[in-house]
Amino acid sequence: MRRLKSYMIAAAVLLSHIAAAQLPVNNIDELHARLKEIKEDTARANLLLNLSVYYFFKASTDKKYFDSALLYEHAAEKLSKDLNYQKGIGNSYEQRSKILHKQVKTVEARQLADKAIEIFKANNLYLELGYAYYDVSGYYSINNTDELTERIRIVEELSLPAFQKSGSELKEADILKELGDLLQLEGNYSKALSVLHRSLELYQDIKYPKLQGIYDLLGAVHAITGNNELALKYGLLAVKSAALVKDTSIQLATIYNRIGATYNAMKKYNAAYDYFQKALYVAKKYNNTETIDLLLSKISRTLIVLNKPQEALVILKQAQQKYPSDDIYSQLYITASFLITYNALKQYSQAEKYCNQLLAISKKLEKYEPDQSEAQYPVTEFYLATHQYELARKHLAGTDSFYKKIESPLELYKNHLLWYKLDSIQGNYLAAISHYQQYKALSDSLLNETTSKHIEQLQIEFETEKKNQDIKLLENESKSQQNKLSQANTSRNWMFGVAALLLIITGLLINNSRVKQRANKKLKQQQKEIEKKNLALQHLVTEKEWLVKEIHHRVKNNFHTVSGLLATQTAYLKTSEAIEAMNESRHRVHAMSLIHQKLYQSDNLSAINMPGYIHELTDYLRDCFNTPKSLQFNLQIEPIALNLSHCVPLGLILNEAITNAIKYAFPNNKNGSINIVLKHTSTNKLVLSICDDGIGLPQNFSTKNPQSMGMKLTRGLSEDIDGKFTITSNNGTGIFIEFMYES
């Protein structure tokens, strides 16, 4: 949320500050009273313009006041022309230009602005010229990259020099603050910090008390570059400054919002929640719908992190019902928050609806607009949660390009975490490890490395600027001495000046080269360390897989030993019941042993391929009971892989059901068949059925209170996997186990 609406709040404050400073508006009744008394002179012209400015600001809430604003402007313009009062004529043109601009009469408004600029330039009215250029910059949008660039150019190359020539340090500081804000919107953070620090120094030099705006902007830029400590420092200074001057304006919402965002980045979520609530209180006080929507969106996300998704949903529905907005950015934040909330609640059908809406809103924005990040992370999380892995992979590839294009390491490190989750789910362990390392490296070093980089860059820029100022000072001194020295001395001084300049440039180039060499050396060392860690992790993964296989192999051997002991014990038993019990135990042991055999023989150490396992178990039981050819086995097993926690219960259930069918369903070698089916009935629901067409269950058999051990065991194993156990006796016996399974 790079642009949020925080710029709109901060810019609105700055705009009103500069415009109001141009022509101060006093109490309206006092102005009308003075108008009756004052003569037809320049003071009256200025007073008429004051009245026009007053009604111009009133028109922001009620457009009918534009008529009054134009009426007083025309009167001021006419009087200024009668008096040949150039400053009054220029200010009148500029005032009418602003009114027409608000009335969307852009062409006529721009023509008047150009006429005002020509008058101010011709009469060296630099203060008014600065205001005029600043107003012209407002014709260019901050939401279009090319227009934002042009807006910055006008402010930096035209408005700022005019204010500097006017000698007003306050206005110079104001326009520098505006320039810094525009630069941070463009993504030029190092230059933005440099400009904002120059603005702060000017304010402090003139002991200007209202520093909350500049502190807030400095905190915002530090937050974007990952320096949360400085962001919090300047945010709290902004709060302190606002309290000292008793500022309760809408700007407080921006300040509190940014402090909340900083606490969020520092994972201090309770503190973040408190500051977002403070910001919301201010926004509601001024009934600023877009800001309210933004803050409710942030509060909902903070509640989700605090494990309160239901409360988050209530807040978002409140935003939707009480504060609807046509603003695309408000829609973007609220829609993204709904997606995140329904995802957290696992209500995926609702989440899908908002996912589609969010993607549609994203298409309406510029491709590389920073606000596009709102549509990146939530959509990928939804795809992962709903097992749409190919869509997730495609979306992540696009977000990688996006974050690299806008040069946002703060967002890119989150993307590596999503890549890690996706690759882990799909079994791409080497890629997953690589992304996790990049995530950790960026996460751990983002604050220190990014901040150090910007600080070093700022130091170089400040030092260069200082040296350039020293050079200009030397040149001025040289010019002042030219009138006193002869031609020879002048030439010699020029040679010394050029030599000094060359030395400074050479020194700067050498210093820059050394900085680059040190940075390259450090990067190479870090690359070697990363490669070593990657190799070590790869060895650890290989060793882990080998150990897991060895464990399964040993478990299988232990089961085989137990089976052998049971077979040996059978030879010493006298009664048929004991022998039969021993054989049933052997079959159960074999069913579990076969699972571990499949695991250590497979490349997948966490899941069993069920078709192969069930076929092999069926063949084993058929051989053990010497079943006649008249008994047919029909297997319909979908290609499903289940983990160990489901395979063992299902293997034992299959053993019991097939054994009972072979032993009891077909007396006297009666012809028949046993049908075994494992299939999906829905996305995450499976059913296992073992059905025969034999004689069925005895008439006195109770399905609710079974007495046999095998039936009790089967029912108990079904409960272990949260399955629904059903037994029927209709043209044979059928056993059905329905259970949920998420791969």
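Residues numbered from 1 in each chain as written. Predicted model: local features only at pLDDT ≥ 70, side-chain atom pairs only at ≥ 80, totals over all residues. Heavy atoms only, no water.

Digging into the overall build of the protein chain
- In terms of helices and strands, the protein chain carries 27 helices and seven strands.
- When burial is assessed residue by residue, the protein chain has 45% of its 743 residues classed as buried.
- Accessible surface computed for the protein chain: about 39,100 Å², of which carbon and sulfur atoms make up 52%. (Helix = DSSP H or I, 4+ residues; strand = E, 2+ residues; numbered from the N terminus. Buried < 20%, exposed > 50% of the residue type's maximum accessible area, 1.4 Å probe, protein only. Areas by Shrake-Rupley, 256 points an atom, 1.4 Å probe, with all protein chains shown as cover.)

As for the confidence of the model for the protein chain
- In this model, the protein chain carries an average pLDDT of 82, and 83% of its residues clear a pLDDT of 70 or more.
- No element of the protein chain has a lower mean pLDDT than helix H1 (residues 6-22), at 41, and none a higher one than helix H14 (residues 269-285), at 94.
- This model gives residues 1-26 a pLDDT under 50, and the stretch forms 83 contacts once residues within four places in sequence are excluded.
- Across residues 449-466 the pLDDT falls below 50, and counting only partners more than four positions away or on other chains, this stretch makes 20 contacts in the model. (pLDDT = per-residue confidence, 0-100. Contact = heavy atoms within 4.5 Å.)

A closer look at the pattern of salt bridges
- Overall, the coordinates contain 12 salt bridges when judged by the stated rule.
- Arg96 is paired through a salt bridge with Glu77; the nearest N and O atoms lie 3.0 Å apart. Note that Arg96 is positioned in helix H5 (residues 86-102) and Glu77 in helix H4 (residues 65-82), a separation of 19 residues in sequence. With respect to burial, Arg96 and Glu77 carry one shared label: buried.
- The salt bridge partner of Asp216 is Arg258, with a shortest N-O separation of 2.4 Å. Of this pair, Asp216 sits in helix H11 (residues 212-224) while Arg258 sits in helix H13 (residues 251-265), and the two are 42 residues apart along the sequence. Side by side, Asp216 and Arg258 carry an identical accessibility label, which is buried.
- Sharing partners across several salt bridges, the network here consists of Glu73, Glu77, Lys81 and Arg96. (Salt bridge = Lys/Arg side-chain N within 4 Å of Asp/Glu carboxyl O.)

Section: the packing of aromatic side chains
- The final tally for this structure, using the stated rule, is 14 aromatic pairs.
- Between the aromatic rings of Tyr54 and Tyr55, the centroid separation amounts to 5.1 Å while the plane-to-plane angle is 85°, which identifies the pairing as edge-to-face.
- Classification of Tyr54 as partly exposed rests on a relative accessible area of 21%.
- One aromatic cluster is present, formed by Tyr54, Tyr55, Tyr65 and Tyr72 through successive ring pairs.
- A cation sits over an aromatic face here: Lys278 above Tyr275, 4.5 Å from the ring centre. (Phe/Tyr/Trp six-rings, centres within 6.5 Å; stacked < 30°, edge-to-face > 60°. Lys NZ or Arg CZ within 6 Å of the ring centre and 35° of its normal.)

What to know about the side chain of Ser297
- Mapping Ser297 onto the fold places it in helix H15 (residues 289-305).
- A polar contact is formed between the side chain of Ser297 and the backbone oxygen of Tyr333, at a distance of 3.3 Å. (Polar contact = N/O pair within 3.5 Å; in protein donor to acceptor, adjacent residues only side chain to side chain.)

A closer look at the pairing of strand S4 (residues 672-682)
- Pairing geometry for strand S2 (residues 631-637) and S4, over seven bridges, is parallel. In the strand pairing of S4, Leu631 is matched with Gly672.
- With eight bridges joining them, S4 and strand S5 (residues 685-692) adopt antiparallel strand pairing. In the sheet register, Lys679 faces S5, and the bridge partner there is Val687.
- As consecutive antiparallel partners, S4 and S5 are separated by two residues. (Pairing = 2+ DSSP bridges.)

A word on helix H18 (residues 348-364)
- Taking 1.5 Å of rise per residue, 17 residues should cover 24 Å, and H18 covers 25 Å from first to last C-alpha, within 8% of that figure.
- Along H18, the positions that sit buried rather than exposed are Ala351, Tyr354, Cys355, Leu358, Ile361 and Ser362. End-on, the buried residues of H18 take up no more than an arc of 130°, which puts them together on one face. Of the exposed residues in H18, those oriented more than 90 degrees away from the buried face are Ser349, Lys363 and Lys364.
- Buried residues in H18 make contact with helix H16 (309-322), helix H17 (328-344) and helix H19 (377-385). (Expected span 1.5 Å × (residues − 1). Arc of directions from axis to C-beta.)

As for the packing of H15 against H16
- It is the contact of H15 with H16, at a shortest axis distance of 8 Å, that shows an interaxial angle of 170°. Taken as axis vectors, H15 and H16 run roughly antiparallel relative to one another. For the pair formed by H15 and H16, the contact residues are Asp293, Leu296, Ser297, Ile299, Ser300, Leu303 and Ile304 on the first element and Pro309, Glu311, Ala312, Ile315, Leu316 and Ala319 on the second. (Axes fitted to C-alpha atoms, helices over the stretch in contact; angles between N-to-C directions. Parallel < 35°, antiparallel > 145°, perpendicular 65-115°, else oblique.)

Notes on the sheet that holds strand S7 (residues 733-740)
- With mixed pairing, the five strands of this open sheet are ordered in space as S2-S4-S5-S7-S6. Single-partner strands in this sheet number two, and they are S2 and strand S6 (724-729). Going across the sheet, the axis of each strand differs from the next one's by a mean of 10°, ignoring polarity.
- Where S6 meets S7, six bridges bridge the pair, whose relative direction is antiparallel. Bridged to Thr726 within S7 is Phe736.
- Sheet contacts for helix H25 (residues 610-624): S2 and S4; angle to S2, the most-contacted strand, approximately 165°.
- Relative to the sheet, helix H27 (residues 709-720) contacts S6 and S7, its axis offset from that of S6 by approximately 145°.

A look at a nonpolar patch on the surface
- Taken together, the side chains of Trp494, Val498 and Leu502 define a hydrophobic patch exposed on the protein surface, amounting to about 310 Å² of accessible area.
- With respect to the helices and strands, Trp494 occurs in helix H23 (residues 487-570). (Patch = residues over 30% accessible without salt bridge, like charges linked within 9 Å, V, L, I, M, F, W, Y side chains within 5 Å.)

Regarding unusual backbone geometry
- Of note, the phi angle at Asn124 is positive, near 55°, even though the residue is not glycine.
- Position of Asn124 relative to the elements: it lies in the loop between helix H6 (106-122) and helix H7 (126-137).
- Its identity as a non-glycine residue notwithstanding, Asn731 has a phi of 60°, on the positive side.
- In this fold, Asn731 is placed in the loop between S6 and S7.

As for helix H3 (residues 42-58)
- Given a rise of 1.5 Å per residue, 17 residues ought to cover 24 Å, and the 25 Å separating the end C-alpha atoms of H3 matches this to within 8%.
- If you check which residues of H3 are buried, you get Arg44, Ala45, Leu47, Leu48, Leu49, Asn50, Leu51, Ser52, Val53, Tyr55 and Phe56.
- Along its buried surface, H3 packs onto helix H2 (28-37), H4 and H5.
- Residue Asp41 occupies the N-cap position of H3, its side-chain oxygen lying 3.2 Å from the main-chain nitrogen of Ala43.

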